[in-house]
Amino acid sequence: MNAVRVLIEQVRSKAGGVDFKRMTGAALSNMSFHEGLSPLLAEVRDGQVPIVEGIKAIAAIEEDETYENCARVLYNLAAQDPCRAKLAQGDIVSVVVSLASHGNGTTRQLAVATLCFMSCCPTAFTALTDTALKFLCEAIKSPNMTTLTRMNAARTVANLVVYHPLSRHPCIECGMTTACSILLKTLSNEEDEAVLAKIFRDMSKDAEGVFHMLDEGAMTSLLKLSKLEEAQLKHDVATCLANLTACKYASAVVEEGAIEACFWLTLQDCLGLTTAIFRETSIVIRQLTQHNVLGPQAAVEDKILAVLIKMANYEDRDVMMNTAVSFYNVFGYEKARRPMVRKGAVETLIKLANAKEGGPLVRDVCSATLHQVPNQDLVGMDSQMLKVLMALLHMQDASFLDPENFLPDRSRASQGAWDLAVPTEVHSRTDYKLIPAQWPTMIVDRKTTTFLPARYESPIPKPQRIDPETVGDGNKAQQVGEFKKMKMTVSMVNQKILAQPIEGSAPVVEPDASREATEAADQMVANLDTLEEGGSTEVSETMKLPPLETLAPPLASPAPPSMSSGLFEQGERRDDRLEDIHARPGDLRPASAVAVQRDSLRDAFQSSTSAVPRLIRPQSEGDMLRAASQSPGGSAKKRSKGPKKKKDVQAFLVSQQQRQQDRIADDYAAMLYQTRSPAR
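Criteria and thresholds
Residues numbered from 1 in each chain as written. Predicted model: local features only at pLDDT ≥ 70, side-chain atom pairs only at ≥ 80, totals over all residues. Heavy atoms only, no water. Helix = DSSP H or I, 4+ residues; strand = E, 2+ residues; numbered from the N terminus. Buried < 20%, exposed > 50% of the residue type's maximum accessible area, 1.4 Å probe, protein only. Contact = heavy atoms within 4.5 Å. Areas by Shrake-Rupley, 256 points an atom, 1.4 Å probe, with all protein chains shown as cover. Core = buried A, V, L, I, M, F, W, Y, C linked by side-chain atoms within 4.5 Å. Axes fitted to C-alpha atoms, helices over the stretch in contact; angles between N-to-C directions. Parallel < 35°, antiparallel > 145°, perpendicular 65-115°, else oblique. Left-handed = near helix turned anticlockwise from the far one by under 90°. Nonpolar A, V, L, I, M, F, W, Y, C, P; charged D, E, K, R; others polar. Salt bridge = Lys/Arg side-chain N within 4 Å of Asp/Glu carboxyl O. Patch = residues over 30% accessible without salt bridge, like charges linked within 9 Å, V, L, I, M, F, W, Y side chains within 5 Å. pLDDT = per-residue confidence, 0-100. 1 Å grid on protein atoms, 1.4 Å probe; cavity = no way out; pocket = protein on both sides within 12 Å on 5 of 7 lines; lining within 4 Å. Points joined across faces, edges and corners; volume = space filled by probe spheres on them.

Caption draft 1: How the structure looks around the overall build of the chain. Along the chain, the regular secondary structure elements total 31 helices and zero strands. By the burial criterion, 41% of the 680 residues in the chain qualify as buried. In the chain, of all internal contacts separated by at least 6 residues, the share reaching a separation of at least 24 is 77%. Accessible surface, the chain as shown: approximately 40,100 Å² in total, 54% of it carbon and sulfur.

As structure tokens, then:
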């Protein structure tokens, strides 16, 4: 087996990579299925178990399949009796618990079964008690695990508490009582329930942990187990009840059904175990009735008389003695005395006192019990009753009156009777896996160039166009082209700057009317440039503004006064020395002043013409006459109150046309005023 040694040494060294450890784990799993190879795999060298250390190294790669292979190796080896003692010399318990904590469901199932196998080896008892009890407790009460796995964990605990007494108190401290109670609710097989009865029985032998078991509800589980028919199981339950009721602290054991459990234990004949069950049950009743706190509660229970009658008729001296003392304790409570007499307890006492198996001590106790009954309640006194009453005169031993002197005979208590349980088979012995060959040839080329990291390129293409249907609420706008910040440095924002198109945007298509006005303005700017260069100052025909469109005014409605006259009057008030621009022989202003005037002239002209609304359709004379005849009198006259007249649409259109012409005239006047004013 040098190959196995080489594999284990390789995985434990730094040279063992992830792939090598993964394949080694699978190979060891397949090898462990062969019984001839199991002793060789579990060999011990230099005080260590190499296979356990190798499994610990293989599991370091933290993969579910590898965890499963490692757990299967240990399970197959632990299933072989000769290998358990060898594995126990290593740290197998902690390795198995670690695999179960990190692996999947199959790994946990194999791990629990491995621990169950190891619990059959006395050498592993200490390691299991110190390391695995908490994990086993969680496995027993976990609803996520299968019943098979939970029962394997329970068998492991049963092996420990039966054959390793030092594990009983740690089991109680980790909450094993609660875990077994949870598992008991899901079981329906008496063989599985007998395993839990063994756990309860042996944990109750720890005197320091009895109160903790009662506090965690052990009595409820024992009541359910007492109703089963298996004799050995009943014996275990009776022994556990006797151990629990020996606790001197007050608890809820009577309220949770201790008397009812005794009733079910004595209900049927259990063949060879009947005497042992009755003796343990009589001890339970005696300990309950002599308790200072639990005694009054037990004396008034409904089924206590039925239990006492059943035990009084059983021909065993210890059972009869315990029954007689229990009667004496019950009759000592005033609330329970008269109901007992009414139900026929006196006849049972006389019969118990006259039994040959009881002896004089039982007769003395029965006599003391009858003396507690008032005389008016002793109806139908005969010679047998009188004989029992007179037996009190010859009493020689009254030690039964002191509960402290009671030392029950526990020779018939349930002891051992438990074969070390092995787990249920988790998988077949031929459940191995074939490993495909994976031997790739790896070639590494040496590079002499400097390493340059690759630039990350987004696989998402840039959008080239905007889809109007996808832009809106709930959709992100698409980007057109590359993002570029707008770089435009200006000292001030005016109409000229705002009129310039943004770089990269589509050209603005102006209306036809604005285009003609723009061409005229450009022509005037060109003429001004000639003035700057010292050319002729005479205004040519091209420098004249285009004439206004002449429209015939309506006949009936007078034309509104033009605002141009008012504008010129204001200009005269500002500068009385205003001269006609055509009469000046020359312009002596510098070129910068002329340029400023040129720019202002262009801006003014463009602003006055770019916002010109669309002209309305020209009207004929017939339409104008019709509108004039229908228009009301002067606007100065007050309209007489009467029905509201319908608005004349044709007159409204005529007035709108006139207002448009007035606005254009005002714009021309303002432009002429600016050209004639000197630059300041």
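Caption draft 2: Focus on the environment of Ala42. Secondary-structure assignment places Ala42 in the loop between helix H3 (38–41) and helix H4 (50–58). Note on Ala42: relative accessible area 0%, which makes it buried. Each C-alpha atom, one on Ala42 and one on Lys86, is 6.4 Å from the other, the two residues being 44 residues apart in sequence.

Caption draft 3: Geometry of the nonpolar core. Counting 142 residues, the largest nonpolar core has Ile51, Leu87 and Phe200 as the members making the most contacts within it. Apart from residues no more than four positions distant in its own chain, Leu87 is found in contact with Ala42, Val49, Ile51, Val52, Leu77, Ala78, Ile92 and Met118.

Caption draft 4: Structural context of the packing of helix H18 (residues 274–289) against helix H21 (residues 317–331). With their axes 9 Å apart at the nearest point, H18 and H21 run at an angle of 20 degrees to one another. Between H18 and H21, the angle falls in the class roughly parallel. At the point where H18 passes H21, the crossing takes the left-handed sense. Between H18 and H21, the contacting residues are Phe278, Arg279, Ser282, Ile283, Ile285, Arg286 and Thr289 on the first element and Asp318, Val319, Asn322, Val325, Ser326, Asn329 and Val330 on the second. Its residues assigned to classes, the contact of H18 with H21 comprises six nonpolar, five polar and three charged.

Caption draft 5: How the structure looks around the environment of Cys240. Here Cys240 shows up in helix H16 (residues 231–245). Given the relative accessible area of 0%, Cys240 is considered buried. Setting aside chain neighbours within four positions, we find Cys240 in contact with Phe200, Arg201, Ser204 and Leu222.

Caption draft 6: View of the packing of helix H9 (residues 125–141) against helix H10 (residues 147–163). Here H9 crosses H10 at 145 degrees, and the two axes come no closer than 9 Å. Between H9 and H10 lies a crossing whose hand is left-handed. Of the residues in H10, those touching H9 at Phe125, Leu128, Thr129, Leu133, Leu136, Ala139, Ile140 and Lys141 are Arg150, Ala153, Ala154, Thr156, Val157, Leu160 and Tyr163. Among the residues making up the contact of H9 with H10, the classes are represented as 11 nonpolar, two polar and two charged.

Caption draft 7: How the structure looks around the pattern of salt bridges. Enumeration over the complete set of coordinates arrives at 19 salt bridges. For Glu43, the salt bridge goes to Arg5, with nearest N and O atoms at 3.2 Å. Of this pair, Glu43 sits in the loop between H3 and H4 while Arg5 sits in helix H1 (residues 2–12), and the two are 38 residues apart along the sequence. With relative accessibility at 33%, the residue Arg5 sits in the partly exposed group. The closest approach of N and O atoms between Lys198 and Asp236, which form a salt bridge, is 2.7 Å. Pair noted here: Lys198 is in helix H13 (residues 190–203) and Asp236 is in helix H16, with a separation of 38 residues, a long-range link. The same class applies to Lys198 as to Asp236, namely buried. Beyond isolated ion pairs, a larger network of salt bridges with shared partners links Arg168, Lys198, Arg201, Asp202, Lys205 and Asp236.

Caption draft 8: The arrangement of a nonpolar patch on the surface in detail. On the surface, Met381, Leu386, Met390 and Leu393 cluster together into a nonpolar patch covering about 420 Å² of accessible area. Tracing the backbone through its elements, the reader meets Met381 in the loop between helix H24 (359–370) and helix H25 (383–390). Met381 sits in the partly exposed class, given a relative accessible area of 45%.

Caption draft 9: Geometry of helix H23 (residues 345–353). When you tally the buried positions in H23, you get seven out of nine residues, the bulk of the element. Considered for burial, the residues of H23 that qualify are Ala345, Val346, Thr348, Leu349, Ile350, Leu352 and Ala353. In the core, the buried residues of H23 are packed alongside helix H20 (304–312), H21, helix H22 (334–342), H24 and H25.

Caption draft 10: How the structure looks around unusual backbone geometry. The phi dihedral of Glu62 falls on the positive side, at around 60 degrees, and the residue is not glycine. With respect to the helices, strands and loops of the structure, Glu62 is situated in the loop between H4 and helix H5 (64–78). Judged by relative accessible area, Glu62 falls into the exposed class, the value being 60%. Within the chain, Leu271 stands out as a residue other than glycine whose phi angle is a positive 55 degrees.

Caption draft 11: Structural view of the confidence of the model for the chain. When pLDDT is averaged along the chain, the result is 76; 66% of the residues meet or exceed 70. Every residue in residues 437–447 scores below 50 in pLDDT, and together they form one contact with partners more than four places removed in sequence or on other chains. Every residue in residues 548–585 scores below 50 in pLDDT, and together they form 32 contacts with partners more than four places removed in sequence or on other chains.

Caption draft 12: Spatial organisation of empty space enclosed by the protein. Counting across every chain of the model gives two cavities of 30 Å³ or more. Surrounding the largest cavity, Val4, Arg5, Ile8, Leu40, Leu41, Glu43, Arg45, Pro50 and Ile51 form its lining. Looking at the lining of the largest cavity, the elements that each hand over two or more residues are H1, H3 and H4. When residues in the lining of the largest cavity are grouped by element, the largest group, three residues, is from H1. Partitioning the lining of the largest cavity into residue classes produces six nonpolar, no polar and three charged. The wall of the second largest cavity is formed by Leu214, Leu244, Thr245, Cys247, Tyr249, Ser251, Val253 and Leu294.

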